[in-house]
Amino acid sequence: MLKEDLQQWIEEYLKDTDYQLITLSVSTANDILVEVDRLSGVDVDFCAELNRYLVEKLDASTSVDYSLEVGSVSLTDPFKAKIQYEKNLGHDVEVLIDGKKLRGQLVSVDEDTFSVDVEEKVAVEGKKRKETRIITHTWRYDEPKYVRYDMKF
């Protein structure tokens, strides 16, 4: 099964929408996973329509058995595309970088970088105890091992 064909069909379907393809994977057993996202959230009816469209295309072009899953990106999955950073602007995120987990508020997103405000205890000259301050960290998208939404219960 050609992943390139699937990609083309999906991009064709998404062309006039505000949805973006986040993940397209095809396993050796022909298990197909399609994950889409958009700033205002993913509509289940849209996923069902995309699923029907892809089944039609697949059935017409192949006789191979396959399974197809179309849905939105999980809240707990690491971000894979810039739109996910934009969607979570102002929300708390968890960043794993250099073996350290940092938690803070995603405060800015631009073409190449994103910034997170993190509460940190820092030494202040003339004081015995460290004080809690908000430090803004800025990274390129490819620097952290992962960034994901920080769910709080």
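How each quantity is defined
Within each chain, residue numbers correspond to sequence positions counted from 1 in written order. Restriction of local features to residues with pLDDT of at least 70 applies here, the model being predicted, together with a cutoff of 80 or more for giving and counting side-chain atom pairs; totals for whole chains, interfaces and linings are based on all residues. Calculated side-chain values reflect all of the structure's heavy atoms, with hydrogen atoms and water omitted. Two strands pair if DSSP finds at least two bridges between them. Under the DSSP-based scheme used, a helix requires at least four consecutive residues in state H or I and a strand at least two consecutive residues in state E, with every element numbered from the N terminus. To get an axis, a line is fitted to the C-alpha atoms, and for a helix only the part in contact is used. The angle between two axes follows their N-to-C directions and goes from 0 to 180 degrees. To qualify as a nonpolar core, a set must consist of buried Ala, Val, Leu, Ile, Met, Phe, Trp, Tyr and Cys residues joined through side-chain atoms within 4.5 Å. Relative accessible area decides the class of each residue, using a 1.4 Å probe on protein chains only: under 20% of the type maximum gives buried, over 50% gives exposed, and in between gives partly exposed. In what follows, a contact means two residues having at least one pair of non-hydrogen atoms within 4.5 Å. One fewer than the residue count of a helix, multiplied by 1.5 Å, yields its expected span. Directions drawn from the helix axis to the C-beta atoms are what define this arc.

What follows is about the sheet that holds strand 7 (residues 131–140). Backbone-to-backbone hydrogen bonds pair the strands of a sheet. The strands run either parallel or antiparallel. Strand order in the open sheet formed by 5 strands is 7-6-5-4-8, with antiparallel pairing between adjacent strands. The sheet terminates laterally at strand 7 and strand 8 (146–149), the two strands that pair on one side only. The average undirected angle you get between the axes of adjacent strands in this sheet is 35°. As paired elements, strand 6 (residues 113–122) and strand 7 share 10 bridges and run antiparallel to each other. Note that in strand 7 the partner of Val 122 across the bridge is Glu 131.

With that settled, the discussion passes to the nonpolar core. Counting residues in each nonpolar core, the largest one holds 17 residues, and the members touching the most others are Ile 32, Val 34, Val 36, Leu 50, Leu 54, Leu 68 and Val 70. Put simply, the parts of the chain that give this core at least two residues each are helix 1 (3–14), strand 2 (31–37), helix 2 (44–61) and strand 3 (67–72). The leading source of residues in this core is helix 2, at 6 residues. Setting aside anything within four residues of it in sequence, one finds Val 70 in contact with Val 34, Cys 47, Leu 50, Asn 51 and Leu 54. Among the nonpolar cores identified, the runner-up in size contains 12 residues, and Tyr 85, Ile 97, Leu 106 and Phe 114 belong to it.

What follows covers helix 2. Look at helix 2: 26 Å from first C-alpha to last across 18 residues, which is about the 26 Å you get at 1.5 Å a residue. Here helix 2 has its buried residues at Phe 46, Cys 47, Leu 50, Tyr 53, Leu 54 and Leu 58. Buried residues along helix 2 cover an arc of 130° about the axis, so they all sit on one side. With respect to the buried face of helix 2, the exposed residues turned more than 90 degrees away are Val 44, Arg 52, Glu 56 and Ala 60. Each element contacted by the buried residues of helix 2 is listed here: helix 1, strand 2 and strand 3.

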